[in-house]
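The residues making up each chain are set out below.
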Amino acid sequence: MAATTTRKTNIHSDPILLLTSHKRSDLLRKQPHRCFHTESEYHNVADQTLHTIQDTLDFYFEDNPSLSSSGAMAPDISYASGVLTIALSQGTWVLNKQTPNRQIWWSSPISGPRRYEYDDECQKWIWTRLVDVAADAAADDDDALSHNGSSSSSSGDDIKYLGEALKKEMVDLFGLETGLEDLDSL
C-alpha cells in the first residue's frame, strides 16, 4: 500500500494557479456594479434609456426615408407603460422594464431574448449572460481557464451592451450607421 503525501502548492510558484488567480480577479472586477438604491432610481435610468432608443430610432428613420421605402412597412416605434416596441418589416423588437429584477429585457427577431443590468461604473446596460459567464468562470478554475471570461461567436454573442446590440442589428439590416451614435452611450 503506497503512502499518500499532501503537497502544499504555493500559488506564486505554480504558473497554472497563478494564471487562474489572475483570471478570477479580472473576472470579478468585470462584474457590473449595481447601483440602484431605490426603485425610483431604476425607473429614471431605464425610462431615460428607452426614451433615448425611441428618439434615436425615430430620427434615424426620419432622416433616412429610403430605409423604409418601396412598399415596406413603415417603422412603428412606440413607448408606453415601460415597453418600447420597434416594429419594422424585418420583425418586431420589444424592450421592456423588469422592475423586480431592475433589468431591461430585450426580444429581437435576430438575436432572440436577452436581459440587461445597469453597470454604474460604465453607465451602460450590460448583457447579463456575460456577467453570468464571468461569475461562473470565477467560481470554477477550469472554466476560468477555458472561457477567459468572455463568450464570443460570430452570432453577436460578444456584444456586451444594450446600445451596441441594437446598433449592430440596425446596421446589419440597413447598412447605415449614421444617426445611431446616441446608442453608443447605452
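Reading guide: rules and limits
- Every residue gets a number counted from 1 within its own chain, in the order that chain's sequence is written.
- Thresholds applied to this predicted model are a pLDDT of at least 70 for local features of residues and 80 or more for the giving and counting of side-chain atom pairs; totals over whole chains, interfaces and linings are not thresholded and use all residues.
- Calculated side-chain values reflect all of the structure's heavy atoms, with hydrogen atoms and water omitted.
- Each residue carries a pLDDT value, the predictor's own confidence for that position, ranging from 0 to 100.
- Residue contacts are counted whenever heavy atoms from the two residues lie within 4.5 Å of one another.
- Strands pair, by our definition, only if DSSP identifies at least two bridges between them.
- Where helices and strands are cited, they refer to DSSP runs of H or I of at least four residues and of E of at least two residues respectively, numbered from the N terminus.
- Note on geometry: axes are C-alpha line fits, over the in-contact stretch for helices, and angles between N-to-C directions span 0 to 180 degrees.
- Burial here depends on accessible area, computed with a 1.4 Å probe over protein chains only, as a share of the maximum for the residue type. Under 20% is buried, over 50% is exposed, and the range in between is partly exposed.
- Every case where a carboxyl oxygen of Asp or Glu lies within 4 Å of a side-chain nitrogen of Lys or Arg is listed as a salt bridge.

Asks: Outline the confidence of the model for the chain, supporting the account with residue identities and numerical values.
Replies: Across the chain, the average pLDDT comes to 78, with 66% of residues at or above 70. Low pLDDT, under 50, characterises residues 4–30; the stretch is placed with 21 contacts to residues that sit more than four places away or in other chains.

Asks: I'd like to hear about the sheet that holds strand β6 (residues 124–127), residue by residue, with values.
Replies: Ordered in space as β1-β2-β3-β4-β5-β6, the six strands form an open sheet in which the pairing is antiparallel. The sheet terminates laterally at β1 (76–80) and β6, the two strands that pair on one side only. Geometrically, the sheet is characterised by an average inter-axis angle of 20° between neighbouring strands, direction not taken into account. The pairing of strand β5 (residues 112–119) with β6 spans four bridges and is antiparallel. Considered in β6, the bridge of Y116 is made with W127. Across the sheet, helix α2 (residues 39–63) touches β1, β2 (83–88), β3 (91–98), β4 (103–108), β5 and β6, and the angle it forms with β1 is around 165°. Across the sheet, helix α5 (residues 162–174) touches β2, β3, β4, β5 and β6, and the angle it forms with β4 is around 15°.

Asks: Give a detailed account of the pairing of β5, specifying residues and quantitative values.
Replies: Side-chain direction in a regular strand flips from residue to residue, so the side chains alternate between the two faces of the sheet. Within β5, six of the eight residues are buried, which leaves it mostly tucked inside the rest of the structure. Where β4 and β5 come together, six bridges link them in antiparallel fashion. From the neighbouring strand, W106 faces β5, where its bridge partner is R114. What sits between the antiparallel neighbours β4 and β5 is a turn of three residues. Where β5 folds back onto β6 in an antiparallel hairpin, the turn is made up of four residues, including Q123, whose phi is positive at roughly 55°.

Asks: Provide a residue-level description of the pattern of salt bridges, including the pertinent values.
Replies: The full count for this structure, using the stated rule, is four salt bridges. Among the salt bridges present, the one from E177 reaches K167, with a minimum N-O distance of 3.1 Å. Of this pair, E177 sits in the segment after α5 while K167 sits in helix α5, and the two are ten residues apart along the sequence. Its relative accessible area of 9% is what places K167 among the buried residues.

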